[in-house]
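Below, each chain spelled out in residue letters.
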There are 2 protein chains.
Amino acid sequence: MKYKTKQKELILQFLKENKDKCLTVKEIKTNFDLKQIIIGQTTIYRYLSNLEEQGIISKYINNVDNSSSYQYITDDCHLHFHLKCIKCGKIIHLECLKLNDLEKHIIEKHDFKIDNFKTVIYGLCSKCK
Amino acid sequence: MKYKTKQKELILQFLKENKDKCLTVKEIKTNFDLKQIIIGQTTIYRYLSNLEEQGIISKYINNVDNSSSYQYITDDCHLHFHLKCIKCGKIIHLECLKLNDLEKHIIEKHDFKIDNFKTVIYGLCSKCK
DNA sequence: CTAGTTGCAAAGAGTTTGCATGGCG
DNA sequence: CGCCATGCAAACTCTTTGCAACTAG
């Protein structure tokens, strides 16, 4: 990834504009299709993998259909966990000291380093319960 | 699923014998192939979905290749979370009062009911750190 | 000009569906 | 004997790979 191209610029910009959402490759593709901007899905997959390796975005696995979602990482994301509702798919960014406690506890007592980006806590949100 | 068949019996038995493991469809299929017992993968998929709906087994998503694993649910599984190492794929069953605290806290303060079966905490295990 | 990047098409992998055959009750 | 379950093959979806054309530097 040595060259700067229009496609990469556009994809990154779109991810930044949707920091609060987890986007699938399909959603990203459709966004550009509608604007009549041609970006091959191959390019999207390749660039997203690259961004993930660089630690710029985070990849999530969707428990419903085994597809993947990607999300731009903001600094404050480092401090929180993600809750995802099994029913409606809503993602809740939870900032809570309890979770930092848990993280500390698990690394100290169980010798396991939690990855906040990969980890998604599944369950039912207030509406779907 | 009204009839009792040999295939169902064999699949369930195999899951029970491997309560401590998360099994993929491939692993289940291969197990029977080696024993020269013919069970179509379709049957395995269908029966596993059915068992999951009944709450007898739990389905996990593998972050590496987007495939699924299935595991027989034992009573004590209700009391713990699963940690999964991103590198080596090892699954650790963590029974810890801290987690029960967390569960209680999240439902009381954040109105979110955690699903212990679906939730997998990703990170690095002691060996891979 | 040179080498990295793109986009199409095709290949792969995991999963689901359609349908004729087979087996439970 | 009727209806459900099975297993094969084909369809489907998501993702990756091969390759010729394109383009940034």
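This one's a predicted model, so the numbers in the text were calculated from it and none came from an experiment.

**Q** Sorry, what's going on with the protein's contact with DNA strand D here?
**A** Around DNA strand D, the structure places 21 residues, and the nearest of them are Y45 of chain A together with M1, K2, T5 and T43 of chain B. Close to the protein, within 4 Å, the atoms of DNA strand D belong to sugar or phosphate groups at a rate of 65%. S68 of chain A places a main-chain nitrogen or oxygen 3.0 Å from a phosphate oxygen of DNA strand D. Between a base nitrogen of DNA strand D and a side-chain N or O atom of R46 of chain B, the distance comes to 2.9 Å. Of all the secondary-structure elements, those providing two or more residues to the surface near DNA strand D are α3 (41-53) of chain A together with α1 (6-17) and α3 (41-53) of chain B. For the surface near DNA strand D, the per-class residue count stands at 6 nonpolar, 10 polar and 5 charged.

**Q** I keep staring at the relation of the copies chain B and chain A and nothing clicks. Help me out?
**A** One copy of the chain maps onto the second through a rotation about an axis and a displacement along it. Structural alignment of chain B on chain A gives an RMSD of 0.2 Å, achieved by rotating through 180° and translating 0.1 Å along the axis. These values place the two chain copies in the arrangement generated by a two-fold rotation axis. Most of the interface of chain B is mirrored in chain A, where 97% of its interface residues are also at the interface.

**Q** Explain the sheet that holds strand β1 (residues 23-24) of chain A here, please?
**A** The strands making up a sheet associate through backbone hydrogen bonding, with each pair oriented either parallel or antiparallel. All names here are of chain A. One open sheet accounts for 3 strands, arranged β1-β3-β2; its pairing is antiparallel. Bordering the open sheet on either side are β1 and β2 (57-61), each of which pairs with just one other strand. Bridge count for β1 against strand β3 (residues 68-72) is 2 bridges, and the pairing is antiparallel. Bridge assignment links T24 to a residue of β3, and that residue is S69. Strands β1, β2 and β3 of the sheet are contacted by helix α1 (residues 6-17), whose axis makes an angle of about 80° with β3.

**Q** So what exactly am I meant to see when it comes to the pattern of salt bridges here?
**A** When the charged atoms of two side chains lie near each other, side chains of opposite charge can form a pair. Residue and element names in this part refer to chain A. If you walk through the whole model with that rule in mind, you get 4 salt bridges over all chains. The closest approach of N and O atoms between K29 and D33, which form a salt bridge, is 2.8 Å. Of the two residues, K29 and D33 both sit in helix α2 (residues 25-34), 4 residues apart, roughly one turn of that helix. Classification of K29 by relative accessible area gives partly exposed; the value is 23%.

**Q** Hey, could you run me through the protein's contact with DNA strand C in this one?
**A** With respect to spatial proximity, 21 residues lie near DNA strand C, and among them M1, K2, T5 and T43 of chain A together with Y45 of chain B are the closest. At 2.8 Å from a phosphate oxygen of DNA strand C is found a side-chain nitrogen or oxygen belonging to T5 of chain A. Within the contact set of DNA strand C, a phosphate oxygen lies 3.0 Å away from a backbone nitrogen or oxygen of S68 of chain B. Contributing elements (two or more residues each) for the surface near DNA strand C: α1 and α3 of chain A together with α3 of chain B.

About the thresholds
Residues numbered from 1 in each chain as written. Chains lettered and ligands numbered in written order. Predicted model: local features only at pLDDT ≥ 70, side-chain atom pairs only at ≥ 80, totals over all residues. Heavy atoms only, no water. Near = heavy atom within 4 Å. Polar contact = N/O pair within 3.5 Å; in protein donor to acceptor, adjacent residues only side chain to side chain. Helix = DSSP H or I, 4+ residues; strand = E, 2+ residues; numbered from the N terminus. Nonpolar A, V, L, I, M, F, W, Y, C, P; charged D, E, K, R; others polar. Least-squares fit on C-alpha atoms with pLDDT ≥ 70 in both. Contact = heavy atoms within 4.5 Å. Pairing = 2+ DSSP bridges. Axes fitted to C-alpha atoms, helices over the stretch in contact; angles between N-to-C directions. Salt bridge = Lys/Arg side-chain N within 4 Å of Asp/Glu carboxyl O. Buried < 20%, exposed > 50% of the residue type's maximum accessible area, 1.4 Å probe, protein only.

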